[in-house]
Structures are given as C-alpha cells and as structure tokens.
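Close look at the chain arrangement
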Amino acid sequence: SAVPLLREMVERNDSPLAKLHALWTLKVLGELEDKQLLAALKDVDSHLRESAALLAESVAGMRHLILGLIRDENKRVRIQAILSMRSPLENEHPDNHEMAPVLSKAAQVDGSDSWMRIAFFSHEPNWNEALIVMTAPLPPDWVNKDFLKSGVEMIGRSGNLQACKWLLPQLR
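Residues numbered from 1 in each chain as written. Predicted model: local features only at pLDDT ≥ 70, side-chain atom pairs only at ≥ 80, totals over all residues. Heavy atoms only, no water.

Regarding the overall build of the protein chain
When helices and strands are counted, the protein chain shows 11 helices and zero strands. Counting the 172 residues in the protein chain, one finds 44% classified as buried. A sequence separation of at least 24 residues applies to 62% of the contacts in the protein chain between residues at least 6 apart. Taken as a whole, the protein chain presents about 9,700 Å² of accessible surface, with 55% of it coming from carbon and sulfur. (Helix = DSSP H or I, 4+ residues; strand = E, 2+ residues; numbered from the N terminus. Buried < 20%, exposed > 50% of the residue type's maximum accessible area, 1.4 Å probe, protein only. Contact = heavy atoms within 4.5 Å. Areas by Shrake-Rupley, 256 points an atom, 1.4 Å probe, with all protein chains shown as cover.)

Here you go:
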C-alpha cells in the first residue's frame with residue numbers, strides 16, 4: 001500500500017506541492033488522518049493552509065481551526081476559510097457567539113475586497129453568517145457601503161422572504 005509513503009511525504013517532505021498531492025491522495029483513499037490535516041492547517045505554506053481548510057470542512061471537530069484561518073495573513077486562505085465555514089457537518093453547527101467577532105473583524109479588514117464579499121455572501125440559502133456580520137457590533141466609525149450592499153443584494157436574491165423580513169429592520 002502507498003498509504004505509509006504518502007503519510008511520510010506529508011510529514012517529512014520539504015516540498016509544499018508534494019505535501020499537497022499526498023494530502024489529497026490520502027483524502028481520496030479515505031486514509032487522511034487528523035494529525036496530517038492539523039499539520040497542514042498550521043503549515044507555513046499558504047497553499048497548504050488553503051487546501052487544508054477545504055479538506056477540513058468535512059471533518060468533525062475541525063471547525064474551530066477553520067475559523068482561526070479567517071485571521072490568516074494570506075487572503076486566499078481567509079477566503080477559503082470563510083467558504084469552508086459555510087459547509088456545516090450534520091449536527092455540528094458553529095457557535096454564533098464565537099463566529100460573530102471573528103467574522104465582524106474579517107468584514108472590517110476585507111470588506112472592501114470584492115472577492116471577500118463574494119465569499120461572505122455567496123452561499124445561498126445559508127445566509128446566517130452574513131446576517132451575523134451585518135448585525136454584529138462594529139466600530140462606530142466603520143461603515144462599508146459596498147459590503148452592506150453586497151449582503152443585501154445576495155440575501156434579496158435568495159428569495160428567502162423570512163430572511164428579507166428579518167433583514168430590513170436591522171438596516172435602519
């Protein structure tokens with residue numbers, strides 16, 4: 001079996017590309033272990049962290065680590081972390097009290113970036129995180145009209161009448 005060699009490649013190889021291929025191969029084979037995923041989530045290479053967020057979204061107990069990547073120094077990692085947080089596992093829903101300050105800060109840092117706004121508001125009908133960010137306490141001097149406009153547009157397009165009815169009074 002190639003599994004031991006792939007695990008060794010993930011743990012000891014210096015090449016981020018080799019590690020990346022080994023991680024995805026282990027995933028496909030159903031042999032990816034949490035310890036390899038944890039190492040990839042903390043790797044110095046941003047491409048590995050980005051892929052690890054995608055791999056971790058289907059693994060129980062990894063959501064808090066993905067949430068931590070929303071503060072990553074690399075924008076692509078932050079975008080993937082936000083997208084991965086939108087893929088809840090059955091019976092594992094993120095704690096809104098834990099998510100709100102992280103997402104709120106991410107909105108302040110990256111709210112003017114069009115790609116980041118797409119990440120925040122793209123997963124219809126799962127608009128809960130967008131609403132959390134839009135109604136979370138933000139500094140009084142922080143207003144990002146592009147961010148709020150994107151949120152309103154995406155929620156409006158979802159056709160979810162309940163969300164629209166809830167959202168309108170929040171924007172006053």
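Structure's up, so let's keep going.
Looking at the side chain of D72
Relative to the helices and strands, D72 resides in the loop between α5 (63–69) and α6 (75–85). When its relative accessible area of 12% is taken as the criterion, D72 is described as buried. A polar atom in the side chain of D72 sits 2.8 Å from the backbone nitrogen of N74. Look past the residues within four positions of D72 in its chain and what remains in contact with it is R49, V77 and R78. (Polar contact = N/O pair within 3.5 Å; in protein donor to acceptor, adjacent residues only side chain to side chain.)

Observations regarding the packing of helix α1 (residues 3–12) against helix α2 (residues 16–29)
Packing of α1 against α2 brings their axes to within 8 Å, and their N-to-C directions diverge by 140°. By the angle between their axes, α1 is oblique relative to α2. In this structure, α1 crosses over α2, and the sense of that crossing is left-handed. Across from V3, L6, R7, M9 and V10 in α1, the residues of α2 making contact are A18, K19, A22, L23, T25, L26 and L29. (Axes fitted to C-alpha atoms, helices over the stretch in contact; angles between N-to-C directions. Parallel < 35°, antiparallel > 145°, perpendicular 65-115°, else oblique. Left-handed = near helix turned anticlockwise from the far one by under 90°.)

Details of the nonpolar core
Judged by nonpolar contacts, the single largest core of 36 residues is most densely connected at L23, L37, I70, I82 and F120. Taken together, the elements giving at least two residues each to this core come down to α1, α2, α3 (34–41), α4 (46–56), α5, α6, α7 (96–110) and α8 (114–121). In contact with L23, not counting residues within four places along its chain, are V10, L32, Q36, A40, L48 and L55. (Core = buried A, V, L, I, M, F, W, Y, C linked by side-chain atoms within 4.5 Å.)

Concerning the side chain of Q80
Along the chain, Q80 falls in helix α6. Setting aside anything within four residues of it in sequence, one finds Q80 in contact with E50, A53, L54 and E57.

Some points on α8
The set of residues buried in α8 consists of M116, R117, A119, F120 and F121. Where α8 starts, the residue carrying a side-chain oxygen 3.0 Å from the main-chain nitrogen of W115 turns out to be D113.

Considerations on the confidence of the model for the protein chain
Residues with a pLDDT of 70 or more make up 73% of the protein chain, whose mean pLDDT is 80. The secondary-structure element of the protein chain with the lowest mean pLDDT is helix α9 (residues 128–135), recorded at 54, while α2 shows the highest, at 96. (pLDDT = per-residue confidence, 0-100.)

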